Amino acid sequence: MLRRLLERPCTLALLVGCQFAFVAYFSLGGFRNLTALFGRTAAPVFDYSRTHDVYSNLSRLLPRQPARPDPRQPLPFCPERSPFLVGPLTVSFSRVPTLEQIRAKNPAVQEGGRYQPPTCEPRSRTAVIIPHRNRETHLGHLLYYLHPFLQRQQLQYGIYVVHQAGNSTFNRAKLLNVGVKEALKDEEWDCLFLHDVDLIPENDHNLYTCDPWNPKHVSVAMNKFGYSLPYPQYFGGVSALTPDQYMKMNGFPNEYWGWGGEDDDIATRVRLAGMKIARPPISIGHYKMVKHKSDKGNEENPHRFDLLIRTQRMWTQDGMNSLTYVLLAKHLHPLYTNLTVDIGTDPRAGRGRRTPIPGHEGQRYRSSTSLFREEMLRKLPRDTALWGDQGLSLSPQLPTAAAQQPLVGNGTRGSPSAITQHSPEAAAEGDAPTGSSTGAVVEQEEGTLPTHGTNQSLPQGAR
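Residues numbered from 1 in each chain as written. Predicted model: local features only at pLDDT ≥ 70, side-chain atom pairs only at ≥ 80, totals over all residues. Heavy atoms only, no water.

Draft legend 1. Seen up close, the state of the cysteines. For the structure shown, the criterion picks out two disulfides. Here C191 engages in a disulfide with C210; their sulfurs sit 2.1 Å apart. Taking the sign of the S-S torsion, 80° for the link of C191 and C210, the bridge is right-handed. Separated by 19 residues along the polypeptide, C191 in strand β4 (residues 191–195) and C210 in the loop between β5 (199–201) and β6 (216–217) bring together distant segments of the chain. (Disulfide = S-S within 2.5 Å. Helix = DSSP H or I, 4+ residues; strand = E, 2+ residues; numbered from the N terminus.)

Draft legend 2. How the structure looks around the pattern of salt bridges. In the structure shown here, the tally under the stated rule is twelve salt bridges. We note a salt bridge from R172 to D263, for which the minimum N-O separation is 3.1 Å. With R172 in helix α6 (residues 172–186) and D263 in helix α8 (residues 262–272), the pair connects residues that are 91 residues apart, well separated along the chain. With relative accessibility at 15%, the residue D263 sits in the buried group. With a shortest N-O distance of 3.1 Å, K185 and E182 are connected by a salt bridge. Placement of the pair is K185 and E182 together in helix α6, with a separation of three residues, close to one helical turn. Classification of E182 as buried rests on a relative accessible area of 4%. (Salt bridge = Lys/Arg side-chain N within 4 Å of Asp/Glu carboxyl O. Buried < 20%, exposed > 50% of the residue type's maximum accessible area, 1.4 Å probe, protein only.)

Draft legend 3. Fine view of α8. Considered for burial, the residues of α8 that qualify are E262, D263, D265, I266, A267, R269 and V270. Once α8 ends, the next one or two residues include G274, with phi positive near 80°.

Draft legend 4. How the structure looks around the environment of E80. With respect to the helices and strands, E80 occurs in the loop between α3 (31–38) and α4 (99–105). Residue E80 is classed as exposed on the basis of its relative accessible area, which comes to 69%. C-alpha separation for the pair E80 and S124, spaced 44 residues apart in sequence, amounts to 9.9 Å.

Draft legend 5. Broad picture of the environment of V290. In this fold, V290 is placed in the loop between β9 (286–289) and α9 (304–309). Residue classification places V290 among the buried positions, given a relative accessible area of 5%. Separated by 198 residues in sequence, V290 and S92 have C-alpha atoms that sit 9.2 Å apart. Once residues within four sequence positions are removed from consideration, V290 is found in contact with F93, H138, H141, D198 and I200. (Contact = heavy atoms within 4.5 Å.)

Draft legend 6. Examining the nonpolar core more closely. L143, L146, L150, I159, F193 and Y208 are the most contacted members of the largest nonpolar core, which totals 43 residues. Ignoring any residue separated from it by four or fewer positions in sequence, one finds L150 in contact with V128, L155, Y157 and Y208. (Core = buried A, V, L, I, M, F, W, Y, C linked by side-chain atoms within 4.5 Å.)

Draft legend 7. Representation of the environment of G140 in the model. For G140, the location among the structural elements is in helix α5 (residues 136–152). When the C-alpha positions of G140 and D198 are compared, they lie 9.9 Å apart, and in sequence the two are 58 residues distant.

Draft legend 8. The arrangement of the pairing of β4 in detail. In terms of burial, β4 is a largely internal element, five of the five residues being buried. What you see with β4 is no split at all: C191, F193 and H195 on one side and L192 and L194 on the other are buried throughout. Inspection of the sheet shows strand β2 (residues 125–132) paired to β4 by four bridges, in the parallel sense. For V128, the partnering residue across the bridge sits in β4 and is F193. As paired elements, β4 and strand β8 (residues 238–241) share four bridges and run antiparallel to each other. From the neighbouring strand, L192 faces β8, where its bridge partner is L241. (Pairing = 2+ DSSP bridges.)

Draft legend 9. Just the packing of aromatic side chains, in detail. Enumeration according to the criterion identifies nine aromatic pairs in this entry. Measuring from centroid to centroid gives 6.4 Å for Y160 and W189, while their planes differ by 85°, and the two rings are edge-to-face. Residue Y160 is found in strand β3 (residues 156–164), and its partner W189 is found in the loop between α6 and β4; the two are separated by 29 residues along the sequence. Neither Y160 nor W189 differs from the other in exposure class; each is buried. Ring centres 5.7 Å apart and planes at 80° place the aromatic pair F225 and Y234 in the edge-to-face group. By relative accessible area, which is 28% here, F225 ends up partly exposed. Against the face of Y55 rests K105, its NZ or CZ located 4.8 Å from the ring centre. (Phe/Tyr/Trp six-rings, centres within 6.5 Å; stacked < 30°, edge-to-face > 60°. Lys NZ or Arg CZ within 6 Å of the ring centre and 35° of its normal.)

Draft legend 10. Spotlight on the sheet that holds β5. As summarised here, the arrangement of the three strands in space is β5-β9-β7, forming an open sheet in which the pairing is mixed. Each edge of the open sheet carries a strand with a single partner, namely β5 and β7 (221–222). Two strands pair when backbone bridges link them, and β7 and β9 are joined in this way by two bridges, in the parallel orientation. Within β9, the position partnered with M222 by the bridge is Y287.

Next up, the structure:
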(Lines give C-alpha, C1' and ligand atoms only; values in the text may rest on other atoms or scores of the structure.)
Protein backbone atom coordinates (compact mmCIF):
# COMPACT_ATOMS: atom_id res chain seq x y z
CA MET A 1 0.00 0.00 0.00
CA LEU A 2 2.90 2.34 0.77
CA ARG A 3 4.34 1.59 -2.65
CA ARG A 4 1.10 2.56 -4.33
CA LEU A 5 0.97 5.76 -2.33
CA LEU A 6 4.48 6.74 -3.35
CA GLU A 7 3.73 6.05 -7.01
CA ARG A 8 0.94 8.61 -7.10
CA PRO A 9 1.94 11.89 -8.83
CA CYS A 10 0.42 14.04 -6.10
CA THR A 11 2.43 12.29 -3.39
CA LEU A 12 5.65 12.71 -5.36
CA ALA A 13 4.93 16.37 -5.90
CA LEU A 14 4.25 16.82 -2.19
CA LEU A 15 7.60 15.24 -1.25
CA VAL A 16 9.50 17.40 -3.75
CA GLY A 17 7.74 20.50 -2.43
CA CYS A 18 8.64 19.67 1.17
CA GLN A 19 12.28 19.18 0.20
CA PHE A 20 12.34 22.50 -1.61
CA ALA A 21 10.79 24.29 1.38
CA PHE A 22 13.32 22.68 3.73
CA VAL A 23 16.29 23.77 1.59
CA ALA A 24 14.89 27.28 1.14
CA TYR A 25 14.31 27.64 4.89
CA PHE A 26 17.93 27.05 5.82
CA SER A 27 19.59 28.64 2.80
CA LEU A 28 17.70 31.90 3.32
CA GLY A 29 18.46 32.13 7.02
CA GLY A 30 15.42 30.66 8.73
CA PHE A 31 11.92 31.84 9.48
CA ARG A 32 12.74 35.54 9.85
CA ASN A 33 14.28 35.86 6.41
CA LEU A 34 11.54 33.78 4.76
CA THR A 35 8.84 36.04 6.15
CA ALA A 36 10.81 39.07 5.04
CA LEU A 37 11.07 37.58 1.56
CA PHE A 38 7.45 36.46 1.06
CA GLY A 39 5.56 38.81 3.30
CA ARG A 40 5.60 42.07 5.16
CA THR A 41 7.64 42.36 8.34
CA ALA A 42 6.34 43.92 11.51
CA ALA A 43 9.10 46.53 11.62
CA PRO A 44 8.11 49.76 13.39
CA VAL A 45 7.67 52.91 11.33
CA PHE A 46 9.23 56.22 12.38
CA ASP A 47 8.86 59.69 10.95
CA TYR A 48 12.38 61.10 10.72
CA SER A 49 11.06 64.49 9.61
CA ARG A 50 9.91 65.00 13.20
CA THR A 51 12.87 64.59 15.51
CA HIS A 52 13.47 65.21 19.20
CA ASP A 53 16.27 66.78 21.18
CA VAL A 54 18.74 64.19 22.39
CA TYR A 55 18.46 65.46 25.98
CA SER A 56 14.67 65.08 26.14
CA ASN A 57 13.44 63.34 29.31
CA LEU A 58 16.95 63.21 30.78
CA SER A 59 15.97 65.21 33.88
CA ARG A 60 13.26 62.64 34.66
CA LEU A 61 15.96 60.00 35.13
CA LEU A 62 17.50 61.81 38.09
CA PRO A 63 16.23 60.53 41.47
CA ARG A 64 13.98 63.03 43.23
CA GLN A 65 14.45 61.43 46.63
CA PRO A 66 17.97 61.48 48.11
CA ALA A 67 18.07 57.78 48.96
CA ARG A 68 16.02 54.63 49.24
CA PRO A 69 14.00 54.19 52.44
CA ASP A 70 15.78 50.92 53.12
CA PRO A 71 19.16 50.49 51.34
CA ARG A 72 19.09 46.77 52.11
CA GLN A 73 16.08 46.28 49.85
CA PRO A 74 17.06 45.48 46.25
CA LEU A 75 15.94 47.80 43.50
CA PRO A 76 13.25 46.56 41.09
CA PHE A 77 14.41 45.60 37.63
CA CYS A 78 14.20 48.26 34.95
CA PRO A 79 11.42 47.68 32.40
CA GLU A 80 12.37 45.71 29.30
CA ARG A 81 11.72 48.80 27.21
CA SER A 82 12.41 52.13 28.84
CA PRO A 83 9.47 54.57 29.08
CA PHE A 84 11.87 57.48 28.42
CA LEU A 85 12.55 56.67 24.75
CA VAL A 86 11.54 59.37 22.26
CA GLY A 87 12.39 57.86 18.86
CA PRO A 88 14.13 59.83 16.07
CA LEU A 89 16.73 62.32 17.31
CA THR A 90 17.95 65.66 16.01
CA VAL A 91 21.63 65.22 15.09
CA SER A 92 23.64 68.25 13.99
CA PHE A 93 27.38 68.84 13.68
CA SER A 94 27.29 72.63 13.27
CA ARG A 95 28.86 73.21 16.70
CA VAL A 96 31.54 71.22 18.45
CA PRO A 97 30.70 70.85 22.17
CA THR A 98 33.45 71.08 24.76
CA LEU A 99 33.92 68.32 27.30
CA GLU A 100 32.91 70.73 30.07
CA GLN A 101 29.59 71.39 28.33
CA ILE A 102 28.93 67.67 27.85
CA ARG A 103 29.80 66.95 31.47
CA ALA A 104 27.43 69.70 32.71
CA LYS A 105 24.58 68.17 30.69
CA ASN A 106 25.24 64.69 32.11
CA PRO A 107 25.58 65.11 35.90
CA ALA A 108 24.80 61.46 36.62
CA VAL A 109 27.79 60.14 34.63
CA GLN A 110 30.60 59.03 36.90
CA GLU A 111 34.36 59.16 36.38
CA GLY A 112 35.53 56.90 33.58
CA GLY A 113 32.28 57.41 31.63
CA ARG A 114 30.29 55.06 33.89
CA TYR A 115 26.57 55.21 34.54
CA GLN A 116 24.05 53.10 36.42
CA PRO A 117 20.30 53.82 36.69
CA PRO A 118 19.61 55.19 40.18
CA THR A 119 16.03 53.92 40.53
CA CYS A 120 16.09 50.41 39.06
CA GLU A 121 18.35 47.43 38.45
CA PRO A 122 19.58 47.47 34.82
CA ARG A 123 18.89 44.49 32.62
CA SER A 124 22.11 44.89 30.64
CA ARG A 125 25.67 46.02 31.38
CA THR A 126 27.16 47.40 28.16
CA ALA A 127 30.76 48.42 27.43
CA VAL A 128 31.09 50.80 24.48
CA ILE A 129 34.57 50.50 22.91
CA ILE A 130 35.74 53.21 20.49
CA PRO A 131 38.97 52.96 18.45
CA HIS A 132 40.52 56.41 18.14
CA ARG A 133 43.36 58.54 16.81
CA ASN A 134 43.33 62.20 15.79
CA ARG A 135 39.52 62.40 15.89
CA GLU A 136 38.91 64.70 18.89
CA THR A 137 36.13 66.61 17.12
CA HIS A 138 34.32 63.38 16.26
CA LEU A 139 34.78 62.10 19.80
CA GLY A 140 33.15 65.25 21.17
CA HIS A 141 30.09 64.81 18.94
CA LEU A 142 29.78 61.12 19.87
CA LEU A 143 30.03 61.73 23.62
CA TYR A 144 27.51 64.57 23.41
CA TYR A 145 24.87 62.32 21.82
CA LEU A 146 25.77 58.91 23.22
CA HIS A 147 25.58 59.64 26.96
CA PRO A 148 21.92 60.81 27.05
CA PHE A 149 21.05 58.18 24.42
CA LEU A 150 22.27 55.37 26.71
CA GLN A 151 20.90 56.84 29.93
CA ARG A 152 17.37 56.97 28.52
CA GLN A 153 17.65 53.27 27.71
CA GLN A 154 18.27 52.65 31.45
CA LEU A 155 21.45 50.66 30.90
CA GLN A 156 24.48 50.29 33.07
CA TYR A 157 27.32 51.28 30.77
CA GLY A 158 30.92 52.39 30.47
CA ILE A 159 32.67 54.11 27.55
CA TYR A 160 36.23 53.14 26.60
CA VAL A 161 38.28 55.13 24.08
CA VAL A 162 41.25 53.11 22.79
CA HIS A 163 43.84 55.56 21.49
CA GLN A 164 46.56 54.27 19.15
CA ALA A 165 49.80 56.01 20.06
CA GLY A 166 52.41 56.93 17.48
CA ASN A 167 52.13 57.59 13.76
CA SER A 168 52.12 54.05 12.40
CA THR A 169 49.30 52.77 10.20
CA PHE A 170 45.94 52.65 11.97
CA ASN A 171 44.59 49.22 12.93
CA ARG A 172 40.92 49.43 13.93
CA ALA A 173 40.29 45.72 14.58
CA LYS A 174 43.36 45.29 16.78
CA LEU A 175 42.43 48.34 18.84
CA LEU A 176 38.99 46.80 19.42
CA ASN A 177 40.63 43.57 20.62
CA VAL A 178 42.69 45.61 23.08
CA GLY A 179 39.60 47.49 24.27
CA VAL A 180 37.67 44.28 24.84
CA LYS A 181 40.49 42.71 26.84
CA GLU A 182 41.00 45.80 29.02
CA ALA A 183 37.26 46.41 29.54
CA LEU A 184 36.69 42.83 30.71
CA LYS A 185 39.42 43.33 33.31
CA ASP A 186 37.30 46.08 34.89
CA GLU A 187 33.92 44.37 34.99
CA GLU A 188 31.96 41.37 33.75
CA TRP A 189 30.14 43.20 30.98
CA ASP A 190 27.12 41.48 29.42
CA CYS A 191 27.50 43.20 26.06
CA LEU A 192 30.39 44.66 24.06
CA PHE A 193 29.55 47.47 21.62
CA LEU A 194 32.30 48.08 19.06
CA HIS A 195 31.67 51.62 17.89
CA ASP A 196 33.28 53.81 15.21
CA VAL A 197 33.91 57.33 16.51
CA ASP A 198 32.25 59.07 13.54
CA LEU A 199 28.82 57.38 13.70
CA ILE A 200 25.98 58.94 15.71
CA PRO A 201 22.77 56.96 16.40
CA GLU A 202 19.60 58.72 15.27
CA ASN A 203 16.93 56.67 17.07
CA ASP A 204 17.00 55.74 20.76
CA HIS A 205 14.78 52.70 20.10
CA ASN A 206 18.00 51.20 18.74
CA LEU A 207 18.79 49.43 22.01
CA TYR A 208 22.45 49.04 22.94
CA THR A 209 21.98 45.48 24.13
CA CYS A 210 23.25 42.22 22.66
CA ASP A 211 21.38 39.44 20.90
CA PRO A 212 21.81 36.39 23.19
CA TRP A 213 22.31 33.97 20.27
CA ASN A 214 24.17 35.80 17.50
CA PRO A 215 26.49 38.77 16.95
CA LYS A 216 24.48 41.88 16.07
CA HIS A 217 25.32 44.37 13.35
CA VAL A 218 23.71 47.59 14.54
CA SER A 219 24.51 50.35 12.01
CA VAL A 220 22.31 48.91 9.26
CA ALA A 221 21.13 52.26 7.83
CA MET A 222 23.81 54.94 7.52
CA ASN A 223 23.28 58.21 5.65
CA LYS A 224 26.55 57.44 3.83
CA PHE A 225 24.78 54.53 2.08
CA GLY A 226 21.41 56.21 1.65
CA TYR A 227 20.05 54.64 4.87
CA SER A 228 20.27 51.12 3.50
CA LEU A 229 22.54 48.11 3.90
CA PRO A 230 25.32 48.24 1.26
CA TYR A 231 25.53 44.42 0.95
CA PRO A 232 24.14 41.46 2.92
CA GLN A 233 27.35 40.50 4.76
CA TYR A 234 28.33 44.05 5.73
CA PHE A 235 29.47 44.21 9.38
CA GLY A 236 31.12 47.63 9.65
CA GLY A 237 30.44 50.70 11.75
CA VAL A 238 28.76 49.58 14.98
CA SER A 239 28.40 45.97 16.11
CA ALA A 240 27.50 44.21 19.36
CA LEU A 241 28.63 40.87 20.76
CA THR A 242 28.48 39.13 24.09
CA PRO A 243 31.90 38.19 25.53
CA ASP A 244 31.16 34.52 24.78
CA GLN A 245 30.34 35.29 21.15
CA TYR A 246 33.48 37.41 20.85
CA MET A 247 35.72 34.64 22.15
CA LYS A 248 33.92 31.98 20.12
CA MET A 249 35.03 33.73 16.91
CA ASN A 250 38.50 34.46 18.38
CA GLY A 251 37.77 38.18 18.46
CA PHE A 252 38.73 40.38 15.53
CA PRO A 253 41.76 39.98 13.22
CA ASN A 254 45.02 41.76 14.12
CA GLU A 255 46.62 41.87 10.66
CA TYR A 256 44.50 44.51 8.90
CA TRP A 257 46.60 47.69 8.87
CA GLY A 258 44.90 50.62 7.16
CA TRP A 259 41.38 51.06 5.82
CA GLY A 260 39.21 48.20 4.64
CA GLY A 261 38.86 44.45 4.80
CA GLU A 262 38.49 43.77 8.50
CA ASP A 263 34.68 44.08 8.40
CA ASP A 264 34.36 41.33 5.82
CA ASP A 265 36.85 39.19 7.75
CA ILE A 266 34.71 39.58 10.88
CA ALA A 267 31.52 38.65 9.00
CA THR A 268 33.29 35.51 7.74
CA ARG A 269 34.38 34.66 11.29
CA VAL A 270 30.77 34.85 12.45
CA ARG A 271 29.79 32.23 9.88
CA LEU A 272 32.82 30.00 10.50
CA ALA A 273 32.08 30.04 14.23
CA GLY A 274 28.60 28.64 13.55
CA MET A 275 26.68 31.87 14.15
CA LYS A 276 24.61 34.27 12.05
CA ILE A 277 24.44 38.05 11.84
CA ALA A 278 21.47 39.55 13.68
CA ARG A 279 20.25 43.05 12.82
CA PRO A 280 17.66 45.56 14.05
CA PRO A 281 15.04 46.78 11.56
CA ILE A 282 16.24 49.31 8.98
CA SER A 283 13.78 51.86 10.38
CA ILE A 284 15.56 51.75 13.76
CA GLY A 285 19.24 51.33 12.90
CA HIS A 286 19.73 54.85 11.51
CA TYR A 287 23.17 56.47 11.90
CA LYS A 288 24.57 59.78 10.73
CA MET A 289 28.27 59.95 9.86
CA VAL A 290 30.44 62.95 10.70
CA LYS A 291 31.93 64.10 7.42
CA HIS A 292 35.71 64.00 7.28
CA LYS A 293 38.60 63.65 4.88
CA SER A 294 40.70 60.52 4.63
CA ASP A 295 43.12 60.17 7.53
CA LYS A 296 46.86 60.18 7.19
CA GLY A 297 48.03 56.80 8.45
CA ASN A 298 44.71 55.15 7.59
CA GLU A 299 45.15 54.77 3.86
CA GLU A 300 43.47 51.98 1.92
CA ASN A 301 44.93 48.59 2.81
CA PRO A 302 46.47 47.13 -0.38
CA HIS A 303 46.74 43.66 1.19
CA ARG A 304 43.12 43.32 2.33
CA PHE A 305 42.06 40.92 -0.45
CA ASP A 306 45.06 38.65 0.17
CA LEU A 307 44.15 38.57 3.87
CA LEU A 308 40.49 37.84 3.16
CA ILE A 309 41.43 34.81 1.06
CA ARG A 310 43.18 33.21 4.03
CA THR A 311 40.50 34.02 6.64
CA GLN A 312 39.05 30.50 6.60
CA ARG A 313 42.48 29.04 7.30
CA MET A 314 43.80 31.66 9.76
CA TRP A 315 40.83 32.83 11.86
CA THR A 316 41.60 30.43 14.71
CA GLN A 317 45.21 31.65 14.82
CA ASP A 318 44.84 35.40 14.29
CA GLY A 319 42.75 37.16 16.92
CA MET A 320 42.49 37.32 20.69
CA ASN A 321 44.82 34.36 21.11
CA SER A 322 47.61 36.15 19.21
CA LEU A 323 47.07 39.70 20.50
CA THR A 324 50.17 41.67 21.59
CA TYR A 325 50.24 45.29 22.71
CA VAL A 326 51.80 47.70 25.20
CA LEU A 327 49.42 49.49 27.57
CA LEU A 328 50.99 52.93 27.92
CA ALA A 329 48.37 54.62 30.09
CA LYS A 330 44.89 54.22 31.49
CA HIS A 331 43.21 57.46 32.45
CA LEU A 332 39.72 57.89 33.93
CA HIS A 333 38.27 61.02 32.37
CA PRO A 334 34.91 62.39 33.59
CA LEU A 335 33.17 61.18 30.40
CA TYR A 336 35.18 58.13 29.31
CA THR A 337 38.08 55.84 30.12
CA ASN A 338 41.06 56.50 27.89
CA LEU A 339 43.41 53.62 27.04
CA THR A 340 46.60 54.69 25.27
CA VAL A 341 48.28 51.71 23.64
CA ASP A 342 51.19 50.84 21.38
CA ILE A 343 50.05 48.06 19.05
CA GLY A 344 53.21 47.94 16.96
CA THR A 345 53.58 48.58 13.24
CA ASP A 346 52.53 46.97 10.00
CA PRO A 347 55.09 44.23 9.29
CA ARG A 348 54.46 44.64 5.55
CA ALA A 349 55.43 48.29 5.63
CA GLY A 350 59.09 47.35 6.05
CA ARG A 351 59.77 50.40 8.14
CA GLY A 352 58.78 51.92 11.43
CA ARG A 353 59.81 51.59 15.03
CA ARG A 354 59.25 48.24 16.69
CA THR A 355 60.43 49.36 20.10
CA PRO A 356 58.10 51.18 22.52
CA ILE A 357 57.57 54.86 21.85
CA PRO A 358 60.16 56.99 23.72
CA GLY A 359 58.79 58.31 26.97
CA HIS A 360 55.98 55.72 27.05
CA GLU A 361 57.64 52.47 27.96
CA GLY A 362 55.07 50.23 29.53
CA GLN A 363 54.13 46.71 30.41
CA ARG A 364 53.79 44.32 27.47
CA TYR A 365 50.95 41.85 27.53
CA ARG A 366 50.72 38.78 25.35
CA SER A 367 47.38 37.08 25.14
CA SER A 368 47.24 33.36 25.82
CA THR A 369 44.69 30.81 26.92
CA SER A 370 45.95 30.93 30.49
CA LEU A 371 47.69 33.98 31.97
CA PHE A 372 49.08 37.30 30.84
CA ARG A 373 52.86 37.13 30.72
CA GLU A 374 54.92 40.09 31.78
CA GLU A 375 58.25 40.96 30.26
CA MET A 376 61.02 42.99 31.88
CA LEU A 377 60.23 46.68 32.21
CA ARG A 378 62.31 49.04 30.17
CA LYS A 379 64.10 52.02 31.64
CA LEU A 380 61.63 54.81 32.42
CA PRO A 381 62.30 58.45 31.48
CA ARG A 382 63.46 60.83 34.17
CA ASP A 383 61.72 63.90 32.74
CA THR A 384 57.97 64.19 32.73
CA ALA A 385 56.03 67.07 31.26
CA LEU A 386 53.15 68.10 33.50
CA TRP A 387 49.68 68.35 32.11
CA GLY A 388 49.19 71.82 33.51
CA ASP A 389 45.94 73.71 33.83
CA GLN A 390 44.44 73.14 30.40
CA GLY A 391 41.42 71.44 31.92
CA LEU A 392 39.12 69.43 29.71
CA SER A 393 38.76 70.90 26.27
CA LEU A 394 38.08 69.29 22.96
CA SER A 395 41.20 70.41 21.15
CA PRO A 396 44.74 69.22 20.48
CA GLN A 397 45.21 69.42 24.26
CA LEU A 398 43.02 66.36 24.74
CA PRO A 399 45.16 64.19 27.07
CA THR A 400 45.72 60.69 25.90
CA ALA A 401 48.88 59.43 27.59
CA ALA A 402 50.28 59.53 31.09
CA ALA A 403 53.70 60.22 32.51
CA GLN A 404 55.38 57.41 34.37
CA GLN A 405 56.81 57.63 37.84
CA PRO A 406 60.60 57.51 37.35
CA LEU A 407 61.52 56.32 40.84
CA VAL A 408 59.59 55.12 43.85
CA GLY A 409 60.51 55.28 47.47
CA ASN A 410 62.81 52.30 47.53
CA GLY A 411 64.71 53.40 44.42
CA THR A 412 63.11 50.80 42.15
CA ARG A 413 61.09 51.66 39.08
CA GLY A 414 57.34 51.07 39.07
CA SER A 415 55.13 49.68 36.35
CA PRO A 416 53.07 52.45 34.69
CA SER A 417 50.49 50.01 33.42
CA ALA A 418 49.69 49.01 36.99
CA ILE A 419 48.38 52.50 37.74
CA THR A 420 44.92 53.80 36.96
CA GLN A 421 45.10 57.57 36.61
CA HIS A 422 42.24 59.84 37.55
CA SER A 423 41.33 63.20 36.10
CA PRO A 424 42.54 66.42 37.76
CA GLU A 425 38.89 67.29 38.47
CA ALA A 426 38.45 64.15 40.52
CA ALA A 427 41.69 64.82 42.36
CA ALA A 428 40.63 68.37 43.17
CA GLU A 429 37.38 67.11 44.67
CA GLY A 430 39.25 64.83 47.06
CA ASP A 431 42.20 65.36 49.35
CA ALA A 432 44.82 65.29 46.61
CA PRO A 433 46.08 68.69 45.40
CA THR A 434 45.21 70.00 41.94
CA GLY A 435 47.43 68.60 39.21
CA SER A 436 47.97 65.29 40.97
CA SER A 437 45.87 62.24 41.43
CA THR A 438 45.77 59.20 43.57
CA GLY A 439 47.06 56.09 41.89
CA ALA A 440 44.68 53.17 42.15
CA VAL A 441 46.75 50.07 41.59
CA VAL A 442 45.24 47.62 39.13
CA GLU A 443 44.83 44.09 40.42
CA GLN A 444 47.88 42.01 39.66
CA GLU A 445 47.07 38.86 37.74
CA GLU A 446 48.51 35.60 38.88
CA GLY A 447 51.97 35.06 37.47
CA THR A 448 52.86 38.76 37.02
CA LEU A 449 55.52 40.71 38.85
CA PRO A 450 54.45 42.96 41.74
CA THR A 451 54.76 46.68 41.10
CA HIS A 452 54.94 49.68 43.39
CA GLY A 453 54.69 53.41 43.04
CA THR A 454 52.43 56.43 43.04
CA ASN A 455 50.98 58.52 40.27
CA GLN A 456 52.09 61.85 38.89
CA SER A 457 50.08 64.43 36.98
CA LEU A 458 49.52 63.84 33.29
CA PRO A 459 51.43 65.25 30.33
CA GLN A 460 50.10 66.28 26.98
CA GLY A 461 49.03 63.18 25.06
CA ALA A 462 51.21 62.04 22.22
CA ARG A 463 49.53 61.75 18.89
